[in-house]
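Okay, here's what each chain looks like letter by letter:
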Amino acid sequence: CEHCHAPAKFWTGYGAEVCARCHDGAGTGAPRIVEAWRQSAMSRRPLPEQSEADCAPCHVAYAAAARLDGREARAPTEEDPMSGVTCGVCHDAHDARHPRQLRRHGVAKVGARTIASGAGAVCFECHGQGEPWDWREAAREGRAPHAPQGWMIAAGPHANVEDACVGCHMRGGNGMTVGGHSFA
């Protein structure tokens, strides 16, 4: 416990610093996961309007983790509550039921459909909600992150991508993505 929590410290927070102790690989040759995440849009501090009730369940770490866990969101008192989508939103360090300690894995609900999504199931918690949409139009208009992207997987051109979103946005080497926790 003390490796992450330190002596006599229960709360470590939702910041990425505690995860970076092991997952930034400084001098160890281990993958620089947190460094890649720091370059992503997910790491950015939410804008003030994103802390409002309708935005916080996806844009504010403590609120997003609470929603995924099915519990009431309470702002932490020992840290800045306005952290972006940090490690602890998608991964639960205390629960190893799913691969990579993901909070969700396997299937996701997209509208009335349940789709096999593997590691991408956690992505659908924020990016898979809403009504069907024309993904080409959303991309042209620059609103894709806020459009319900689950339909692109459920009924669109990416329906057979292994692990859904993760299959392209987190695996490098296919010529179109950076991969890893950059989510590019």
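To be clear, the structure that these remarks concern was listed above.
Criteria and thresholds
- Residues numbered from 1 in each chain as written.
- Predicted model: local features only at pLDDT ≥ 70, side-chain atom pairs only at ≥ 80, totals over all residues.
- Heavy atoms only, no water.
- Helix = DSSP H or I, 4+ residues; strand = E, 2+ residues; numbered from the N terminus.
- Buried < 20%, exposed > 50% of the residue type's maximum accessible area, 1.4 Å probe, protein only.
- Areas by Shrake-Rupley, 256 points an atom, 1.4 Å probe, with all protein chains shown as cover.
- Core = buried A, V, L, I, M, F, W, Y, C linked by side-chain atoms within 4.5 Å.
- Contact = heavy atoms within 4.5 Å.
- Pairing = 2+ DSSP bridges.
- Salt bridge = Lys/Arg side-chain N within 4 Å of Asp/Glu carboxyl O.

Undergrad: Looking at this model, I keep getting lost on the overall build of the protein chain. Mind explaining?
TA: Regarding its fold elements, the protein chain presents 10 helices and 2 strands. For the protein chain, the N- to C-terminal ordering of α and β elements is α-α-α-α-α-α-β-β-α-α-α-α. A buried classification covers 37% of the 184 residues belonging to the protein chain. Carbon and sulfur atoms provide 55% of the accessible area of the protein chain, an area that totals close to 10,900 Å².

Undergrad: Looking at this structure, I do not really get the nonpolar core. What am I missing?
TA: Burial of nonpolar side chains together is a common tendency in soluble globular proteins. The biggest cluster of nonpolar side chains holds 28 residues, and the ones touching the most others in it are Val60, Val89, Val110, Ile115 and Phe124. Within the residue set of this core, elements represented by two or more residues are helix H5 (61–69), helix H6 (87–90), strand E1 (106–110), helix H7 (121–127), helix H9 (150–155) and helix H10 (165–169). In terms of residues, this core owes the most to one element, H5, which gives 6 residues. Other than its neighbours up to four places away in sequence, isoleucine 115 contacts Gly106, Val107, Ala108, Val110, Phe124, Ile153 and Ala154.

Undergrad: Even after reading the chapter, I still don't get the side chain of histidine 5, so can you show me in this structure?
TA: With respect to the secondary-structure elements, histidine 5 resides in helix H1 (residues 2–5). A residue is classified by how much of its surface remains accessible, and histidine 5, at 15% relative accessible area, is buried. Apart from the residues within four sequence positions on either side, histidine 5 is in contact with Phe10, Trp11, Thr12 and His94.

Undergrad: Help me understand the pairing of E1 in this model?
TA: Strand direction decides the pairing type here: E1 and strand E2 (residues 113–118), joined by 5 bridges, are antiparallel. In the sheet register, alanine 108 faces E2, and the bridge partner there is isoleucine 115. Count of turn residues in the E1/E2 antiparallel hairpin: 2 residues, of which glycine 111 carries a positive phi of about 60 degrees.

Undergrad: I keep staring at unusual backbone geometry and nothing clicks. Help me out?
TA: Glycine aside, negative phi is the norm for most residues, and most peptide bonds take the trans geometry. Its identity is not glycine, yet glutamine 101 carries a phi of approximately 55 degrees, on the positive side. If you trace the backbone, glutamine 101 turns up in the loop between H6 and E1. With a phi close to 50 degrees, alanine 164 is a non-glycine residue in the positive phi region. Structurally, alanine 164 is set in the loop between H9 and H10.

Undergrad: Would you explain the pattern of salt bridges in this entry?
TA: Pairing between side chains of opposite charge can happen when their charged atoms approach one another. As enumerated under the stated definition, the model contains 8 salt bridges in all. A salt bridge links aspartate 92 to arginine 103, with the nearest nitrogen and oxygen atoms 3.5 Å apart. On the criterion of sequence distance, the pair formed by aspartate 92 in the loop between H6 and E1 and arginine 103 in the loop between H6 and E1 is long-range, its members being 11 residues apart. Of the two residues examined, aspartate 92 and arginine 103, each falls in the buried class. For arginine 104, the salt bridge is made with glutamate 125, and the minimal N-O distance between the two is 3.1 Å.

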